[in-house]
Amino acid sequence: MVPDIAFGSRTRVVLDVGCGVASFGAYLLSRDVLTLSIAPKDVHENQIQFALERGVPAMVAAFATHRLLYPSQAFEIIHCSRCRISWTRDDGILLLEVNRMLRAGGYFAWAAQPVYKHEEAQQEAWKEMEDLTTRLCWELVKKEGYVAMWRKPVNNSCYMSRDPGVKPPLCDTDDNPD
């Protein structure tokens, strides 16, 4: 969908959220991409064990109100396919965490029903996601089939030009992103 990604040369580190049995991570291993697959602590624990047995890096973790244990700007792509995370809840705090972990110029790939379904509730969820990603200064690079891809800006100029009071608020300058 986005040739600039160039798996194995430009893109080497990926986070796969809600990974199931980590098939995406296993596929990317063959393309010289290290993918950490995370799944929520519920019925997915056995799937994580299966991924680990296949040699795919995986762990149980949850997007919540606390930061994940990864440093800022650690991933070139964060991928979420049917991960059932409501990215727009609580003024977008969960997507703000994705923004923290994405490298400048990195991509967020979202494969979900709001991308392609035309039911009223799904269209409302898509509009909310579009609005939130715009406020985060992300560019919608491609929307094809059931996948949408956004790109994080390469510098802070857009963030600095946001109107005061825009949600989600960016972290304070004295807040250590790591």
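Please refer to the structure placed before this passage.
Note that the structure is predicted; figures quoted are calculated from it, not measured. (Residues numbered from 1 in each chain as written. Predicted model: local features only at pLDDT ≥ 70, side-chain atom pairs only at ≥ 80, totals over all residues. Heavy atoms only, no water.)

(A) Layout of unusual backbone geometry. Between Lys167 and the following residue, Pro168, the backbone shows a cis peptide bond with an omega angle of -5 degrees. For Pro168, the location among the structural elements is in the segment after helix H6 (157-160). Its identity as a non-glycine residue notwithstanding, Ala6 has a phi of 45 degrees, on the positive side. Within the secondary structure layout, Ala6 lies in the segment before strand E1 (13-17). Since its relative accessible area comes to 25%, Ala6 is described here as partly exposed. Its identity is not glycine, yet Gln73 carries a phi of approximately 55 degrees, on the positive side. (Helix = DSSP H or I, 4+ residues; strand = E, 2+ residues; numbered from the N terminus. Buried < 20%, exposed > 50% of the residue type's maximum accessible area, 1.4 Å probe, protein only.)

(B) Examining the pairing of strand E4 (residues 75-81) more closely. Within E4, 7 of the 7 residues are buried, which leaves the element mostly enclosed by the surrounding structure. Pairing of E1 with E4, which is carried by 4 bridges, proceeds in the parallel orientation. Across the sheet, the residue bridging to Leu15 is Ile78, located in E4. (Pairing = 2+ DSSP bridges.)

(C) Representation of the sheet that holds strand E3 (residues 58-60) in the model. In space, the 7 strands of this open sheet follow the order E3-E2-E1-E4-E5-E7-E6, with mixed pairing throughout. Edge positions in the sheet fall to E3 and strand E6 (139-144), since each of these pairs with one other strand and no more. Averaged over neighbouring strand pairs, the angle between their axes works out to 20 degrees when direction is ignored. Inspection of the sheet shows strand E5 (residues 102-111) paired to strand E7 (residues 147-151) by 5 bridges, in the antiparallel sense. Looking across to E7, one finds that Trp110 is bridged to Ala148. Packed onto the sheet, helix H3 (residues 93-101) meets E1, E4 and E5 and runs at close to 135 degrees relative to E5. Each of E5, E6 and E7 touches helix H5 (residues 120-135); the most contacted strand, E7, lies at about 15 degrees to it. (Axes fitted to C-alpha atoms, helices over the stretch in contact; angles between N-to-C directions. Contact = heavy atoms within 4.5 Å.)

(D) Seen up close, the nonpolar core. The biggest cluster of nonpolar side chains holds 33 residues, and the ones touching the most others in it are Trp87, Phe108 and Trp110. Put simply, the parts of the chain that give this core at least two residues each are E1, strand E2 (34-39), E4, H3, E5, H5 and E7. Considering every element that reaches this core, the biggest residue donor is H3, with 5 residues. The contacts of Trp110, once residues within four sequence positions are left out, are Cys80, Trp87, Val115, Trp126, Met129, Tyr146, Val147, Ala148 and Trp150. Counting 11 residues, the second largest nonpolar core, distinct from the first, contains Val2, Val14, Leu28 and Ala111. (Core = buried A, V, L, I, M, F, W, Y, C linked by side-chain atoms within 4.5 Å.)

(E) Main features of H5. Here H5 spans 23 Å end to end across 16 residues, near enough to the 22 Å set by a 1.5 Å rise per residue. Considering only its buried residues, H5 is in contact with H3, E5, helix H4 (113-116), E6 and E7. Where H5 terminates, the next one or two residues include Cys137, which has phi positive at roughly 70 degrees. (Expected span 1.5 Å × (residues − 1).)

(F) Seen up close, the side chain of Lys152. By the element assignment, Lys152 lies in the loop between E7 and H6. An unpaired buried charge is present at Lys152: no salt bridge exists, and Glu97, the closest side chain of opposite charge, is 10 Å distant. Polar contacts involving the side chain of Lys152 include one to the main-chain carbonyl oxygen of Asn99, which spans 2.6 Å. Not counting the four nearest positions on each side in its chain, Lys152 is found in contact with Gln73, Asn99, Leu102, Arg103, Ala104, Gly105, Gly106, Trp138 and Tyr159. (Lys, Arg positive; Asp, Glu negative; His and termini not counted. Salt bridge = Lys/Arg side-chain N within 4 Å of Asp/Glu carboxyl O. Polar contact = N/O pair within 3.5 Å; in protein donor to acceptor, adjacent residues only side chain to side chain.)

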